Amino acid sequence: MIPGIDAGNSRFKSAVLDAAGYPKLLNNRFGESFTHAVVYFNPDGTVIVGTEALNAALADPLHAVFNWKRHMGTPDILMSINGKDYTAKDILAILLKNAKEDIEAKTGEVANEVVITVPANYTDVQKQDT
C-alpha cells in the first residue's frame, strides 16, 4: 500500500487505492474527510493539529501556524517556542506524521512510502523541502 497525501495549505487529505484500483479518501481519526493544516503549540511544548488546533488557535492565535505552505523553500521561522524554531518544512513534517498515523490507524498497515502532492508552480527548492 502506498497512500497519497494532498498536503494543502489549508487542508490535508489522504487516499489509498481500493481493491478495484480506484482511489478512496480516508477519514482522519476523528471521522473527518480532511484535516485542517493548522499546527498549535501548547505553551508546555506539546503539539496538536487539525480541528483541535484550529479551535485552540481561536483562543490563542499566537501559538498557531496557518498558511505555512507559502513559506516552503525559505528559511523563514514561523514559530519559536521553548527555544526551538519551526520552519514550513518542520510544520509539514508535523502534519505528515499526523497523516501517517491516521492512515495506519485506518488501514491497519504500515505506510513506509507515500505520494505527496506539490503545486505545479513550486521551485526545485520547494519540491525538495516537501
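Residues numbered from 1 in each chain as written. Predicted model: local features only at pLDDT ≥ 70, side-chain atom pairs only at ≥ 80, totals over all residues. Heavy atoms only, no water.

*Asks:* Can you help me understand the overall build of the chain in this one?
*Replies:* Secondary structure assignment for the chain yields three helices and ten strands. Traced from its N-terminal end to its C-terminal end, the chain shows the element sequence β-β-β-β-β-β-α-β-β-β-α-β-α. For a compact globule of 130 residues, the expected C-alpha radius of gyration is about 14 Å, and the chain comes in at 15 Å, within 12% of that figure. Dimensions of the chain, computed from C-alpha atoms along their principal axes, come out at roughly 45 × 35 × 20 Å. When the 130 residues of the chain are sorted by exposure, 36% land in the buried category. (Helix = DSSP H or I, 4+ residues; strand = E, 2+ residues; numbered from the N terminus. Rg over C-alpha atoms; globule rule 2.2 N^0.38 Å. Buried < 20%, exposed > 50% of the residue type's maximum accessible area, 1.4 Å probe, protein only.)

*Asks:* Help me out: how do you make sense of the sheet that holds strand 6 (residues 47-49) in this one?
*Replies:* Consider a sheet: its strands pair through backbone hydrogen bonds, and that pairing is either parallel or antiparallel. With antiparallel pairing, the three strands of this open sheet are ordered in space as 6-5-7. Strands at the two margins of the open sheet, each flanked by one partner only, are strand 6 and strand 7 (64-65). Relative to strand 7, strand 5 (residues 39-41) runs antiparallel, the two sharing two bridges. Within strand 7, the position partnered with Tyr40 by the bridge is Ala64. (Pairing = 2+ DSSP bridges.)

*Asks:* Hey, could you run me through helix 1 (residues 50-59) in this one?
*Replies:* Note: α-helices contain 3.6 residues per turn, so residues at a spacing of three or four share the same orientation. Within helix 1, burial applies to Gly50, Ala53, Ala56 and Ala57. When helix 1 is viewed along its axis, its buried side chains cluster within an angular range of 105 degrees and face the same direction. Across helix 1 from its buried face, at more than 90 degrees, point the exposed residues Leu58 and Ala59. The inward-facing, buried residues of helix 1 abut strand 4 (35-36), strand 5, strand 6 and strand 7. (Arc of directions from axis to C-beta. Contact = heavy atoms within 4.5 Å.)

*Asks:* Looking at this model, I keep getting lost on the packing of aromatic side chains. Mind explaining?
*Replies:* Geometry of an aromatic ring pair is reported as the spacing of the ring centres plus the angle between the planes. Within this structure, the stated rule accounts for two aromatic pairs. Measuring from ring centre to ring centre gives 6.3 Å for Phe12 and Trp68, while their planes differ by 50 degrees; the resulting arrangement is tilted. Here Trp68 lies in the loop between strand 7 and strand 8 (79-81) and Phe12 lies in strand 2 (residues 11-17), a separation of 56 residues in the sequence. Ring geometry for Phe41 and Tyr86: centres 4.5 Å apart, planes at 45 degrees, overall tilted. With Phe41 in strand 5 and Tyr86 in strand 9 (residues 84-86), the pair connects residues that are 45 residues apart, well separated along the chain. By the burial criterion, Phe41 is buried, and Tyr86 matches it. Here the guanidinium or amino end of Arg11 rests over the ring plane of Phe34, the centre of that ring lying 3.9 Å away. Seen from the ring of Tyr86, Lys84 lies directly overhead, with NZ or CZ sitting 4.8 Å from the centre. (Phe/Tyr/Trp six-rings, centres within 6.5 Å; stacked < 30°, edge-to-face > 60°. Lys NZ or Arg CZ within 6 Å of the ring centre and 35° of its normal.)

*Asks:* How should I be thinking about the nonpolar core in this particular structure?
*Replies:* One recurring pattern in soluble globular proteins: nonpolar side chains tend to sit buried together. Ranked by size, the top nonpolar core spans 25 residues in total, and within it Phe12, Phe41, Trp68, Ile91 and Leu95 carry the most contacts. Put simply, the parts of the chain that give this core at least two residues each are strand 1 (4-7), strand 2, strand 5, strand 8 and helix 2 (88-107). Residue contributions to this core peak at eight residues, all from helix 2. Excluding residues within four positions of it along the chain, Ile91 makes contact with Val39, Phe41, Val65, Trp68, Leu78 and Tyr86. Core analysis: the next-biggest nonpolar cluster, separate from the first, contains seven residues, Val38, Tyr40, Ala57 and Ala64 among them. (Core = buried A, V, L, I, M, F, W, Y, C linked by side-chain atoms within 4.5 Å.)

*Asks:* Help me out: how do you make sense of the pairing of strand 1 in this one?
*Replies:* On a regular strand, each side chain points to the face opposite its neighbour's, so the side chains alternate between the two faces of the sheet. Only one face of strand 1 is buried, namely the one carrying Ile5 and Ala7, since none of Gly4 and Asp6 on the opposite face is buried. Sheet topology places strand 1 next to strand 2; four bridges connect them, and they run antiparallel. Within strand 2, the residue paired with Ile5 across the bridge is Ser14. Both strand 1 and strand 10 (residues 115-116) contribute to a ladder of two bridges, which runs parallel. Following the sheet pairing, Gly4 is matched in strand 10 by Val115.

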